[in-house]
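Single-letter residue listing:
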Amino acid sequence: MTTVRTPSPLRPSSLVDGAAQALSIKYNNLVYELSAAGQDIITLSLGEAFFDLPLPRFDDLAGHGLHHYSHSRGLPELRQRLARYWADFDVPVDPDTEIVVTAGSKVAIYMALLAVIEPGDEVIIPEPFWLSYPEQVRLCRGVPVLVPHDVSVFDLGRYVTPRTRAVVINNPNNPSGRVHTDAELEFVHDLADARGLVVIADEAYHEFVPPETPFRACGSFDPELRHTVTVNSMSKNYGVSGWRVGYLIAHRDLIDQVLKINQHLITCAPTILSWYLAEHFDDILAITRPQIRRVVDLRREVAGQLADIGIETLPGSATFYLFASLGGSTLDSEEFATRLLRESAVSVVAGIAYGESCDRHIRISVGTESPYRVARGIAAIRNLIDATT
């Protein structure tokens, strides 16, 4: 039963009132509501892959203070394990001073921005972007400078002004699955050195890079951590997005600033889950990596299916996303996604969520449905494009 109330007398701040909802979450909340009402939705909108994982047991962790706070930098054992992991990607990390474990990577990005930008500072964000970057910059009272998706990385220098403080690199990219080349990453680092910029590298999908397209960590080009902030999470690679455990790697001077924000906003990441991840770090990866390979293979198959029926996608090979063109449809991406959900019970995310230059696209995720149901969803997309052309 919904309680009807008069409008609230409380006035929201203009900063928050002007912020947009996260469009992908908005669609997924609608999917949850329709599913709860008994409707079968082919869900191609979720930002996660569903893996078969053993039910976690915490019996072997008795005596570790699981129900209490842990260090605000993050559980030391988990920081040490993450440091060893990133050494394999040529990113040297001091677990005592150069990493903070957080409650998910979203807040890690926000805290990094809050720690480095002054009101009015500009942050360069190439499209298609993960949809929270611009809003997080605005919530830090900064100015997002959005770069259309057809602009080359090598042209980013044109967008640098005296107010530019940072550039965000999402590699591999959500929603396109594109993996940056070494030459592109080298250029970004050279630009950062020349213009005094911070490079915020969001690499949350790095395990979803196929073997034929080797992943190169942004931080490997900056071993002294002069200007690079690496943000990642356990969510995607471990199939535990609901656990909300992320982390941030940066120079100790910046980490000390982020740590203050973490202490005032969060205190610490979930202790019991941090212990579990530290103790079972390699075991979980051994279970998820073969499943990651399968979902990346499915992405490749779906890319072929889309091409076969005349639907173009932006270039990409990694993640479990495809960014598909609406072709000759007269609908904008929000209208298209809404009609597809209402009329065909297929959920995707409208491309406008990823930048104005992306409104002729939709994001398709293949991480949560069977190949048969994905194919049904693709057919529904083709049918709606044809019906609205």
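Notes on the structure in this doc start here. (Residues numbered from 1 in each chain as written. Predicted model: local features only at pLDDT ≥ 70, side-chain atom pairs only at ≥ 80, totals over all residues. Heavy atoms only, no water.)

### Focus on the overall build of the chain
So the rule is basically this: In this description a helix means any DSSP run of H or I spanning at least four residues, a strand means any run of E spanning at least two, and both kinds are numbered starting from the N terminus. Just to be clear, the radius of gyration here is over C-alpha atoms, and the globule rule we use is 2.2 Å times residues to the power 0.38. Buried residues are those whose accessible area, probed at 1.4 Å on protein chains only, stays under 20% of the maximum for their type, while exposed residues exceed 50% and partly exposed ones sit between those limits. Two residues qualify as a contact provided that any one of their heavy atoms is within 4.5 Å of a heavy atom in the partner residue. Residue exposure ignores everything except the shown protein chains as possible cover, and the areas themselves are Shrake-Rupley values with a 1.4 Å probe. The positive count covers Lys and Arg only, the negative count covers Asp and Glu only, and His and the chain ends enter neither. The atoms used to mark charge sites are NZ of Lys, CZ of Arg, CG of Asp and CD of Glu.
When you go through the chain residue by residue, the secondary structure sums to 12 helices and 12 strands. Scaling as 2.2 N^0.38, a compact globule of 389 residues should have a C-alpha radius of gyration of about 21 Å, and the chain matches this with 21 Å. Referenced to the eigenvectors of the C-alpha coordinate spread, the extents of the chain come out at roughly 60 × 60 × 55 Å. Residues counted as buried form 55% of the 389 residues belonging to the chain. Taking as baseline every contact in the chain between residues at least 6 positions apart, the subset at least 24 positions apart corresponds to 75%. Accessible surface, the chain: about 17300 Å² in total, of which carbon and sulfur atoms supply 51%. Computing the positive centroid from 34 side-chain charges and the negative centroid from 48, the chain places the two 4 Å apart.

### Things to note about the side chain of Glu 48
The line we're drawing: Salt-bridge detection follows one rule: a side-chain nitrogen of Lys or Arg within 4 Å of a carboxyl oxygen of Asp or Glu. The term polar contact refers here to a pair of N or O atoms within 3.5 Å; inside protein, the definition further demands a hydrogen-donor-capable atom paired with an acceptor-capable atom, and it admits residues adjacent in sequence only when both atoms are side-chain atoms.
By the secondary structure assignment, Glu 48 is in the loop between β1 (42-43) and α3 (76-87). Put simply, Glu 48 is tucked away with no salt bridge, and the nearest opposite charge, on Lys 236, sits 6.6 Å away. Here the side chain of Glu 48 touches Ser 241 through a polar contact of 2.4 Å, side chain to side chain. Once residues lying within four places of it in the same chain are set aside, the contact partners of Glu 48 are Lys 236, Ser 241, Phe 320, Tyr 321, Ser 365, Gly 367 and Thr 368.

### Quick look at the pairing of strand β7 (residues 228-233)
Heads up, the condition is: Any two strands between which DSSP finds at least two bridges are classified as paired.
The element β7 is largely enclosed, with a buried count of six among its six residues. Sheet topology note: the strand β6 (residues 198-202)/β7 ladder contains four bridges and is parallel. Each bridged residue has a counterpart across the sheet, and for Ala 201 the counterpart in β7 is Thr 230.

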